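What follows is the residue order along each chain.
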Amino acid sequence: LEFRRVLFRSQTDMRYRIAFFENDTATMEKLAPENPADDIGWQALQAQLAFYRGELKKYRGLSDLVINLQRNDKQPENLADDLALRGQIESFLGNYGPARSFCRQAVEVGADSISELWRCGDALAAAGEFAQAEAMAEKLERQNPENTIEQHVHVPLIRSIIERQRGNPLKAADLLAQAEPYQY
């Protein structure tokens, strides 16, 4: 029974995503009521799609909802990952104060997940918090020595952002070149 529920949920999410990209609002409206308001995955999908549409106020509201649902769900790694994602997105948007705040909260959770480390490393490097960003890159490197993406994409990306922010564009480009073979 659980397998069927998970499969149905997965199919609904995929159909909703396809409808989003096809701009099929009728299908989206039909599928939306099938998901409860406290469904973390569903709300996270809604946040993601709001961001894609450029609806930042809606994205932030849904992201806050997802974070609050995660706090109540008592899954620290998921909470840290969602806080880190929000920090990274705020950083992309040039909102470094909120980026720092969300990453600080992610670190306080203490999960040290791969997603938390690379997303906050990225965000904090862009925000000029070089020591914190480098510490996250080092931890990511140390905790995941066999993970190709972390070693050859995320860690060099964090360090590249640090160098770019320090005014060293050639060193930043050299660091990014390490990731090129992975087309990630």
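Structural data are supplied above this passage.
Residues numbered from 1 in each chain as written. Predicted model: local features only at pLDDT ≥ 70, side-chain atom pairs only at ≥ 80, totals over all residues. Heavy atoms only, no water.

1. Let's talk about the packing of aromatic side chains
Inspection of the entire model under this criterion finds four aromatic pairs. Where Tyr16 meets Trp42, the ring centres are 4.7 Å apart and the plane angle is 75°; that geometry is what we call edge-to-face. Highlighted residues: Tyr16 in helix 1 (residues 2-21) and Trp42 in helix 3 (residues 40-53), separated in sequence by 26 residues. The class of Trp42 is buried, set by a relative accessible area of 5%. Ring geometry for Phe20 against Phe21: centres 5.0 Å apart, planes inclined by 80°, an arrangement best described as edge-to-face. (Phe/Tyr/Trp six-rings, centres within 6.5 Å; stacked < 30°, edge-to-face > 60°. Helix = DSSP H or I, 4+ residues; strand = E, 2+ residues; numbered from the N terminus. Buried < 20%, exposed > 50% of the residue type's maximum accessible area, 1.4 Å probe, protein only.)

2. Notes on the pattern of salt bridges
In this structure the tally under the stated criterion is ten salt bridges. Glu55 is paired through a salt bridge with Arg53; the nearest N and O atoms lie 3.2 Å apart. Residue Glu55 is classed as partly exposed on the basis of its relative accessible area, which comes to 32%. Of the residues examined, Arg53 reaches a relative accessible area of 34% and is grouped as partly exposed. With a closest N to O distance of 3.9 Å, Lys171 and Glu163 form a salt bridge. Take Lys171: its relative accessible area is 47%, and that puts it in the partly exposed class. (Salt bridge = Lys/Arg side-chain N within 4 Å of Asp/Glu carboxyl O.)

So, to be careful, I would describe these as geometric facts and stop short of saying anything about function.
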